[in-house]
Amino acid sequence: MNRIQKMSWLIVITQGIAVLSAAIAVTVFYYKIGFPRAWAGSAFLAISGFGGLAPVLFRKDPGPVQFDERDVAINSAAVKNGFTASYLLFGSLCMGIWMIKGIRGTIDVNVLPMIWMLAGITCIFVHALSILILYGRDKTSEGETK
């Protein structure tokens, strides 16, 4: 497993834990104290920030070649997947809110940063997940590379 895969695993795990913890906290707070104070549970999304420590935790691989053409192609595809997912989520949320609220409707201004954060988290998560999937595709059933 190379450095990029290790970094991707850390990001996927930390973001998965963060989103699950935040969803549980918001749900529990909703039943205990109600909205809008229940949104305080979204502070658990800060756990995903530990994924940013991946470059520090996983040093560069020893050897003369650290990144070859296959790695560049996989990273390029993963970046495209991440931005596509983020764009689709952002557009879906914006259009969904518009359809629910209507033309003359208003939304709380505090919703906008949440939409922006959700789009960013989605981009990073899908990028990391795509890297893991695309590296896994190059394996045969015996675990050897093609």
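Residues numbered from 1 in each chain as written. Predicted model: local features only at pLDDT ≥ 70, side-chain atom pairs only at ≥ 80, totals over all residues. Heavy atoms only, no water.

> Give a description of the state of the cysteines that names residues and reports values.
Tallied over the entire structure, the rule returns 0 disulfides. Between Cys 94, a cysteine without a disulfide, and Cys 123, which holds the nearest cysteine sulfur, the sulfur-to-sulfur distance is 16 Å. (Disulfide = S-S within 2.5 Å.)

> Quick rundown of the environment of Ile 24? Include the residues and the values.
Along the chain, the position of Ile 24 falls in helix α1 (residues 3-33). A residue is classified by how much of its surface remains accessible, and Ile 24, at 48% relative accessible area, is partly exposed. Taking C-alpha positions, Ile 24 is 8.0 Å from Gly 41, a pair spaced 17 residues apart along the chain. (Helix = DSSP H or I, 4+ residues; strand = E, 2+ residues; numbered from the N terminus. Buried < 20%, exposed > 50% of the residue type's maximum accessible area, 1.4 Å probe, protein only.)

> Could you give me a rundown of the domain arrangement of the protein chain, with the residues and numbers involved?
Domain annotation of the protein chain identifies domain 1 (1-59) and domain 2 (68-146). The distance between the C-alpha centroids of domain 1 and domain 2 comes to 16 Å. Taken together, the contacts link 10 residues of domain 1 with 10 residues of domain 2. Approximately 1,000 Å² of surface area, both sides summed, lies buried where domain 1 meets domain 2, with 78% of it carried by carbon and sulfur atoms. By the criterion of area lost to domain 2, the three top residues of domain 1 are Gln 5, Val 12 and Gln 15, representing 41% of everything that side buries. At the junction of domain 1 and domain 2, the tally comes to 0 salt bridges. Applying the counting rule to domain 1 against domain 2 returns 2 residue pairs in polar contact (both at pLDDT 80 or more). Of the residues that constitute the side of domain 1 that touches domain 2, the class distribution is 6 nonpolar, 4 polar and no charged. (Domains from an automatic or database assignment. Contact = heavy atoms within 4.5 Å. Buried area = accessible area lost by both parts, 1.4 Å probe. Salt bridge = Lys/Arg side-chain N within 4 Å of Asp/Glu carboxyl O. Polar contact = N/O pair within 3.5 Å; in protein donor to acceptor, adjacent residues only side chain to side chain. Nonpolar A, V, L, I, M, F, W, Y, C, P; charged D, E, K, R; others polar.)

> Could you give me a rundown of the packing of α1 against helix α4 (residues 111-137), with the residues and numbers involved?
Across the interface, α1 lies against α4 with an axial gap of 9 Å and an inter-helix angle of 135°. With respect to each other, α1 and α4 are oriented oblique. Relative to α4, the crossing made by α1 is left-handed. Along its contact with α1, which presents Ile 4, Gln 5, Ser 8, Trp 9, Ile 11, Val 12 and Gln 15, the element α4 presents Ile 121, Ile 124, Phe 125, Ala 128, Leu 129, Ile 131, Leu 132 and Tyr 135. Considered class by class, the residues forming the contact of α1 with α4 number 12 nonpolar, 3 polar and no charged. (Axes fitted to C-alpha atoms, helices over the stretch in contact; angles between N-to-C directions. Parallel < 35°, antiparallel > 145°, perpendicular 65-115°, else oblique. Left-handed = near helix turned anticlockwise from the far one by under 90°.)

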